[in-house]
Each structure stands twice: as C-alpha cells, then as structure tokens.
Amino acid sequence: MVQAHNFTLPLGPTACLLGWVLGAAVQLQQAHLWPLGAYALIGTVALLGLLLGLLVIRRGLGARWVILAAISALTGALIAAGLSFAQTGARAAGYAAQALPAELEGRDLRVIGRIEGLPRSGVDALRFELLIEQAWIDSRPVHWPGRVELAWYSGRGGWRASSAAAPPGTPEAQADWQRDRQQALHPPAPLQPGERWQMTVRLKAPHGQRNPHGFDHELRLWERGVQGVGYVRTTARDRLHDRWPERLAPAQGAWVDRARLATRQAIAQRVSDASLAGVIAALVMGDQSAIERADWDVFRATGVAHLMSISGLHITLFAWVSGGLIAAAWRRSARWGSPACLALPAHVAGRWGGLLMALAYAVFSGWAVPAQRTIWMLAVAVLLRASGVRWPWPQVWLTAMAVVVGLDPWALHQAGFWLSFVAVGLLFATDAPLRPAQAAVGRWSALRHLLRALVRLAREQWIMTLALSPLVLVLFQQVSLVGLIANALAIPWVTFAVTPLALIGVLLPPAWPLAAALLDVLMQILGVLSQVSWAVVERAAAPWWCAAAGLLGGLLLVMRWPLALRSLGLPLMLPVLLWQPARPPPGAFEVLAFDVGQGSAVLVRTARYSLLYDAGPRYSRESDAGHRVLVPALRAMGERPDTLVLSHSDSDHIGGARALLAAQPQMRLLSSLAPDHELLRTRAEPLACRAGQRWQWDGVRFEILYPSDDDAARLRKPNALSCVLHVQGEHAAALLVGDLEAAQEAALVERASIRADWLLVPHHGSRTSSSAALLDAVQPRWAVVQAAYRNRFGHPASDVMARYQARNIEVVQSSRCGAATWRSDEPQSMDCLRQQVPRYWQHLPPAAPP
C-alpha cells in the first residue's frame, strides 16, 4: 500500500506557475499585436531556456544554496512567462488573421455554413453562431472561413432593424431598408446545432461600445472566435431573387450542444413560468442568458447571483454524490461475480468516476470559468491521491489557475475568474474547506456531525461575505448587505434541493415542476429582501491598489489569529470603502459623452453636482442604454445626477430613461415630452424645458435656450422641440442641442448668444442639421458626434462633416473615440477612452476620408 507523505515543493514550480499566469496577463496589455514571427522567436528562446534549466536540474545544480535556488526560481518564472506570452500572442495573431475583410462589410454575402453552439431566442430575434464554409459576393467566390454571430429578425410587429450592419445611409439604401422592414418574415422553427444552411447575410466587424468601467463586448466575441456580426436577410425581395435561407443538411455531430438545446426546450415545456424556467436552465446547463434581467437584479441585490448558474459548489457536490454512488455500485459488483472490484478498489473507482461525471457535467453546462477551476482542482486532488502525494494548497490552487489561463488566457479579464479563484484561495487560507470526515461520522452522532457542518458552512459564508466585499466593490461597485442572510437560506436551498431536482429532471422530467415550486418560494423571499432600503451599498470604482489593500484587510479579519492582528484589517479596508473620484474645481465643469451607439447621452459634472442630458437608445425590447451603459457607469463613477434632461421624445434619446429613473429616483426630470407621456406619469413634478430657465452650480451657469412657449404650442415634430442646453464655466462653454434641425437652428441663432467651445453635433450629423449659420454662431473648437458604427442612416453625413472641416472644427466620433471626456479648464484637449486604453482585440474603424 502506498503511503501518502507530505512535503513542501521547491520554490521553482511555484515561481513557474506564477510566471505562466503573469506572462499571459502581460500579453493581454498589448495595444497592438506583433508579427507572428516575434511570438515564435520568444517561444523558441523560452523553450531553449527550459531545456537548459532541465539539464541543470538533472545535474543537481541550482538548488545547493538558497541564492542559487532563488535565481533558479526566477529564471523558471521568466521562462514560463515567455512561453505563456508567446502562446497567447500566437493564438491572438491567428485570430486576427481571420478578421472580417473590410470590403465584405455591409454587402450581401451568400454563405454556406454550420450552426455552432446554442441558438438564443429573444423577443425580436433568433441569435446564433455560424461557422462559414463557403461564401460568394455577386456569384464570385470569397475565401473567408470565419465564425459569425447572426440575428434572424422576426416580422409582423416583432421585427427590429439592425443598425449595426446596414449599408451607407443614401436615400436609396434607406428606402430599401424601409421596404425590407415591411416585408420581413418570421424565422423558422428553432435552429439545431450542427445543421448546414445556405443564407444571405450582411456583416460588419465586431464593434462594441467603450465606456468607463463598461462591459467589453468585443473581448467576449474575441474569446469565442467570432470575427463578424450581422443579420440574415429574409425579405420578400430575397425570396424573389432566390436568396432565401435554405437548410442543406440535418444536424450532424454537435452532440453536446444538441443535448443542451433539447434540455432547454424540455424545461420550457415543463415549467410554464418563463422566469423560473430560465433559472432552472441556468442551473442544469449553465445557460445564463435564459435568466431574465429583473431576476438578475434581485440576485445581485441579495448577493446570491453566484448560485444561480453552474458554480464550483454544484460541481463538487455532483462529483461527491456521483463518486459515492459509483463506489457503492463497485462494491456490490463483487456480489454479482464481477472481477472489477478486485482489480480496482472501490474508493479509487469512486474518485475517478466522480471526476469523470463532474467533467461531463461541466462540459454539458458550457465549460464556464468556475466549472473549469473546479474540474482542474478535483483532477489535481485525484491525481495526488492516486500517487500518494499531498501538495500544499497554494500549489493546487496555482496549478488550476495556470491550466485555466493556458486554455483561455482572456479569462483574466473576466470578473468571474477573479471571484472564483480568490474565493477558493480565501477558504484555503483560512482553513475553512471541509477536512476528511469519514472517521468523525463513526465517532460522533449524526446530530453532532450535522451541527458541525452547519457551523462550518456559516463560517465559510461569513468569510466569503466579509473578505470578498472589497473585490466585489471594485468589480461591480456594489455589495449586498443582506447577502449573509440571503446566502444562509439560498445556499442549502439551491444546493441540496433545487439543483438536485433540476438535474434529476434530465432523466425524470416531472422533477422540474417540483424544482420550480421550490425555487419560486426562494424567489419570493429574495424579492422581499431585495426591496429593503439598505439592501445594497454602492461605491465608486476604486483603483487596483485599493482592492489589494481591501482583500488583505478582509483576509486579516477572518484569519484564526489574535484579535490585535486581525483588527489591522479594518484600516486596510477603508480605501476601497471611502474612495471618491476626482471632480472638477469650482468654476469648471466636465463633459462626458457616452458611447451608446445610435443615440445620445451626455454627463455634465461640476464640483458638487451633475446633470445627464438624454438617456441613450433602446437597443431591443430586452435591452437599452440605461440598463446596459448608463446605470453601471454612473454607479462606477459614484455619480447621483441631480437633473435628467430629455431633449425630445425620440427613442434614441429616451430609450434608457426608465432604467435610469428607477436606479436614480432622486433626479429632477426636465424635458420636452408631451404631458401625457408614460415617463411623466410616475413623476411627482415633471418640468417642461423652456427658454429662459437658468440655474448655477459651483460657479457654472446652466441655461435652457430653446424651445420657447410659442415653439411648444406651434411645433409638433419631436426634433423641432429639442431642449437646447448651454453650459458656461469660467474658462469655456458647451452647447447641447439634441436633434435640432436647420429651421430651428436659425431661430436659435437669432434669439441667443450660443458661442461655445464644445458642441454636441445636432442630430448625430444628419443632413437636416449643422447648418452653416449655426456653426458660424457657435464657433466650437470641438464637436462630438454620437452615432453607431455603420449605422443605417449614414450618420455623420460626409457633406456635413465637410462644413466642420472647412471651419477647422475638430470632430470626434463616438464610434472611433468611445466615451469622450472634455474639461472646461483644459479646453484644448479631448480624452478618448478607446485611444486611452487600447487593446488589440478592440476594433478601430478607419478614419473618415478628408
């Protein structure tokens, strides 16, 4: 029998694992990729260094003295970092080589491809990934074997045009688009993974929005290898011209994805409540997109979001139960005359069987980062037990991290990666994970053992709540104060009742309604907890050093050390709790034009106050700029705006207002909306913006210049009623004009002095606006265009941009700049987020020709 023995690994392996992770992290900071040969050279040098190091180790050198051991460890870390940097860079260069050629953007592309992954049904579209095998333009073959993400929009009231991949906004193209909108048809029955289709698509390069502390959509697409996004053409004209989508072959292969899709559909059939069905689908197969947005808000407010998808706890429990059942069956096999039990001990079969079952569950669930981390840790533990060796926990932890980073280096930019590994590291460091307890069960009564498990579970939850709070605040700028209570209830309820029933439902579908009933009870309780006024604490996003200090402080507080040492953690947590971003000085103001796509949203900040001008567009029936961009950005900036100005009623200016007003109810609403507009019904004292309204904040003057009472009574077109705001500081001024058109611009020029250094380009650069009279009166140094990349309107129009260029006005477009920041006390400069923090996976549109 092999005797297990403890030993401490030398410094070298630990340093190599750290170097591997750091090498990938450094490569992810590159703004631009190097040539593939550069990464190959770095990798070759690192391999040579590795071979040399192995030769040194074999000869017994490098570990005789502490100094030589340290040098050896440092060298090993550098070699591992070089290998990791090289392999990450080479993979990235390979992805970049398959990028969508610019000449294919916005054109009708006839393709043959295979459905990949799970199609996702939305309110207005069916979204899926297609691996292109063949492509043609105008019957001319095009060699581009790319992976694309497509939307197949539904018709008859559910259709929504994709502004992302439409052709240039010529009058003819817009007429075609309107005709397509009227003739769009419903998609067919749900697509099946593995099917081969022929269809006509319009594509564009993956292009996401860049906002402070915003979600990096381009990185998510990059990780999945998506080189293009667009939509399927399904109009009557396409059918007439023989361009209708056609299924060429039934589903082949893709067994896992097909099983996942069948499971999702079966859950939807068995559970009538779509909200509950979405959570059960997330627990069974990791399909987090099935969870509704309102439910995510409740889960975040109560701190239980980590439970409502496949978590490490679920996989570990599944491995433990599966291993126990396999071991029991293995022992019974001896009674049936099977020689397997004699060839392999039951406990060994249980370990390996549990690991394999957990691996199958993790793959079926979508192979997310928590699942990967758990599988690799379980694999290391099983291998070590099989070899009779016990590693210290940091070695197991770092090994799992290095494997995850090796398989998916871009996971380093995922919040889930850090939450997952830091949480497990904290549990290891505080000695909170369950120790082997087989002997204890025999010695103690079942009641005492249960009480001990409950106490340990409560301590683990206390550790997670307290020690992870600084990291949660840095990543999400909010932490739940009711999380300890909510998790005390939700962890056993979800882990030992809902999840097992949901998994049993895969074999016995009648278990799903029972799981939904139990889940519904929990959801009701969580809903009550989420409504508590103090349920969530929000703080501005702090820099990384605050997070590091806070984590150290949280760790000190939960360690099993003397109280005097643990109390040192409190001051270390203060920076992350009290951090406040810098604000403009009195007399100055800052303007932040958000990158919201085809719409407008501008934040104006003074020393103590802030105002939000417009609320961005509504992207679909399920998503808007308020929920996706503005609410997270304002929370991360620590902003609670005093006033919301809605310039007019177009959806690209008020699409996010509902989410904003729900998240920031203190805002005063100033708008040109009709008195009976739905957004005004819930406001106690909504105000209509009228010329002559003015106020002053911190030495900065705000004034509404348009519309007048006469304009409001006479005009009906929403654009013509746009609220015009003039902001004047000590050093410079800004002018925000909504979608004002030429006739109203002329009236504005006659009525008021509108000189400004910063101008929000009227109507996103449409030909209806930016008249010569307006530009001559304003004489701006900077002009910002808020318009989506390749939008269907062709904004900004080239002849309009020519007028700005003729007057030497510097034009900044949100599609190239991302969020644009300008300060009145530094009027000569404009900060573009896309250029401030460039990354190689982010798309930079070509500059407009002069």
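Residues numbered from 1 in each chain as written. Predicted model: local features only at pLDDT ≥ 70, side-chain atom pairs only at ≥ 80, totals over all residues. Heavy atoms only, no water.

**Student:** A description of the nonpolar core should follow, citing residues and the corresponding values.
**Tutor:** Within the largest apolar cluster, 39 residues are counted, with the highest numbers of intra-cluster contacts made by Ile 280, Phe 299 and Met 308. Listing elements by their share of this core, those giving two or more residues are α7 (255-270), α8 (274-285), α9 (293-302), α19 (483-507) and α20 (511-530). Setting aside residues up to four positions removed in sequence, Met 308 forms contacts with Val 279, Ala 282, Leu 283, Ile 291, Phe 299, Val 494, Leu 522 and Leu 526. Counting residues in each nonpolar core, the second largest holds 31 residues, with Val 591, Ile 704, Leu 725 and Met 830 among its members. (Core = buried A, V, L, I, M, F, W, Y, C linked by side-chain atoms within 4.5 Å. Buried < 20%, exposed > 50% of the residue type's maximum accessible area, 1.4 Å probe, protein only. Helix = DSSP H or I, 4+ residues; strand = E, 2+ residues; numbered from the N terminus. Contact = heavy atoms within 4.5 Å.)

**Student:** Can you explain the sheet that holds strand β19 (residues 687-688)? Please cite residues and give values.
**Tutor:** Overall, mixed pairing links the 8 strands, which are arranged β19-β18-β17-β14-β13-β12-β27-β28 in an open sheet. Bordering the open sheet on either side are β19 and β28 (826-832), each of which pairs with just one other strand. Taken together, the 3 bridges between strand β27 (residues 820-823) and β28 define a ladder with antiparallel strand orientation. Considered in β28, the bridge of Arg 823 is made with Glu 826. Across the sheet, helix α24 (residues 625-637) touches β12 (590-593), β13 (602-605) and β14 (610-613), and the angle it forms with β13 is around 20°. (Pairing = 2+ DSSP bridges. Axes fitted to C-alpha atoms, helices over the stretch in contact; angles between N-to-C directions.)

**Student:** Can you tell me about the packing of aromatic side chains, naming the residues and giving the values?
**Tutor:** The way to describe two aromatic rings as a pair is by their centre distance and the angle between their planes. Inspection of every chain in the model, using the stated rule, returns 23 aromatic pairs. Their ring planes at 75° and their centres at 5.6 Å tell us that Tyr 95 and Trp 222 sit as a pair that is edge-to-face. Here Tyr 95 is found in helix α3 (residues 66-97), whereas its partner Trp 222 is found in helix α5 (residues 217-223), with 127 residues between them in sequence. Classification of Tyr 95 as partly exposed rests on a relative accessible area of 25%. For Trp 222, a relative accessible area of 12% corresponds to the buried category. Geometrically, the ring pair formed by Trp 222 and Trp 410 is edge-to-face, given 6.3 Å between the ring centres and 70° between the ring planes. One end of the pair, Trp 222, is in helix α5; the other, Trp 410, is in the loop between α14 (393-407) and α15 (415-429), and 188 residues separate them in sequence. Summarising the burial analysis for this pair, Trp 222 and Trp 410 share the class buried. Over the ring of Trp 695 we find Arg 668; its NZ or CZ atom is 5.2 Å from the centre of that ring. (Phe/Tyr/Trp six-rings, centres within 6.5 Å; stacked < 30°, edge-to-face > 60°. Lys NZ or Arg CZ within 6 Å of the ring centre and 35° of its normal.)

**Student:** Please provide a residue-by-residue account of the side chain of His 795, values included.
**Tutor:** Relative to the elements of secondary structure, His 795 occurs in the loop between β25 (782-785) and α31 (798-806). Among the residues examined, His 795 registers a relative accessible area of 14% and is labelled buried. At a separation of 3.1 Å, a polar atom in the side chain of His 795 contacts the side chain of Gln 598. Beyond its immediate stretch of four places on either side in the chain, His 795 contacts Gln 598, His 763, His 764, Gly 765, Ser 766 and Ala 787. (Polar contact = N/O pair within 3.5 Å; in protein donor to acceptor, adjacent residues only side chain to side chain.)

**Student:** Can you tell me about the environment of Leu 18, naming the residues and giving the values?
**Tutor:** Note that Leu 18 resides in helix α1 (residues 11-27). Counting along the chain gives 58 residues from Leu 18 to Gly 76, while the straight-line C-alpha distance between them is 9.8 Å.

**Student:** Describe in detail the packing of helix α18 (residues 469-476) against helix α23 (residues 569-578), supporting the description with residues and values.
**Tutor:** For any two helices packed against each other, one specifies the inter-axial angle together with the distance between the axes. As a packed pair, α18 and α23 sit with axes 10 Å apart at the nearest point and diverge in direction by 20°. Classified by the angle between their axes, α18 and α23 sit roughly parallel to one another. For the crossing formed where α18 meets α23, the hand is left-handed. Residues Pro 470, Leu 473 and Val 474 of α18 pack against Met 573, Val 576 and Leu 577 of α23. Looking at the contact of α18 with α23 residue by residue, the classes come out as 6 nonpolar, no polar and no charged. (Parallel < 35°, antiparallel > 145°, perpendicular 65-115°, else oblique. Left-handed = near helix turned anticlockwise from the far one by under 90°. Nonpolar A, V, L, I, M, F, W, Y, C, P; charged D, E, K, R; others polar.)

**Student:** Tell me about helix α12 (residues 346-364), residues and numbers included.
**Tutor:** Helical periodicity: at 3.6 residues per turn, an α-helix aligns residues three or four positions apart in one direction. For α12, built from 19 residues, the straight-helix expectation of 27 Å at 1.5 Å per residue is met to within 8% by its first-to-last C-alpha distance of 26 Å. Considered for burial, the residues of α12 that qualify are Ala 346, Val 348, Ala 349, Gly 350, Gly 353, Gly 354, Leu 355, Ala 358, Tyr 361, Ala 362 and Phe 364. Buried positions along α12 lie against α7, α8, α10 (312-333), α13 (369-387) and α19. Of the residues flanking the end of α12, it is Gly 366, one or two places downstream, whose phi is positive at about 105°. (Expected span 1.5 Å × (residues − 1).)

**Student:** I'd like a rundown of the pairing of β12, residues and numbers included.
**Tutor:** A two-sided burial pattern is seen for β12, the buried positions comprising Glu 590 and Leu 592 on one face and Val 591 and Ala 593 on the other. Both β12 and β13 contribute to a ladder of 4 bridges, which runs antiparallel. Pairing of Glu 590 across the sheet is with Arg 605, part of β13. Note that β12 and β27 share 4 bridges and pair antiparallel. From the neighbouring strand, Ala 593 faces β27, where its bridge partner is Ala 820.

**Student:** Before we move on, could you go through a nonpolar patch on the surface and cite the residues and values that matter?
**Tutor:** On the surface, a cluster of nonpolar side chains totalling about 480 Å² of accessible area is made up of Leu 47, Leu 48, Leu 50, Leu 51 and Leu 54. Its place among the elements puts Leu 47 in helix α2 (residues 36-58). By relative accessible area, which is 45% here, Leu 47 ends up partly exposed. (Patch = residues over 30% accessible without salt bridge, like charges linked within 9 Å, V, L, I, M, F, W, Y side chains within 5 Å. Areas by Shrake-Rupley, 256 points an atom, 1.4 Å probe, with all protein chains shown as cover. Salt bridge = Lys/Arg side-chain N within 4 Å of Asp/Glu carboxyl O.)

**Student:** Please give an account of the sheet that holds strand β22 (residues 724-728) that cites residues and values.
**Tutor:** Think of a sheet as strands paired side by side through backbone hydrogen bonds, with each pair either parallel or antiparallel. Taken in spatial order, the 7 strands make up an open sheet running β20-β21-β22-β23-β24-β25-β26, and their pairing is mixed. Strand pairing shows two members of the sheet lacking a second neighbour, β20 (694-697) and β26 (810-813), which therefore form its edges. Each strand axis lies, on average, 20° off the axis of its neighbour in the sheet, ignoring direction. Pairing geometry for β22 and strand β23 (residues 733-736), over 4 bridges, is antiparallel. Paired with Gln 728 across the two strands is Ala 733, which belongs to β23.

**Student:** So, the pattern of salt bridges: which residues are in play, and what are the values?
**Tutor:** Tallying each qualifying case throughout the model produces 30 salt bridges. Its salt-bridge partner being Asp 138, residue Arg 107 comes within 3.3 Å of it at the nearest N-O pair. Taken together, the residues span a long stretch of sequence, with Arg 107 in the loop between α3 and β2 (108-121) and Asp 138 in the loop between β3 (125-137) and β4 (140-142) at a distance of 31 residues. Asp 138 sits in the exposed class, given a relative accessible area of 66%. As a salt-bridge pair, Arg 293 and Asp 624 come within 3.6 Å of each other at their nearest N and O atoms. Here the residue Arg 293 occupies a position in helix α9, and Asp 624 occupies one in strand β16 (residues 623-624), the gap between them amounting to 331 residues. On the accessibility criterion, Arg 293 (33% relative accessible area) is partly exposed. Within the structure, one salt-bridge network assembled from shared partners comprises Arg 114, Glu 116, Arg 120, Glu 129, Arg 147, Glu 149 and Arg 224.

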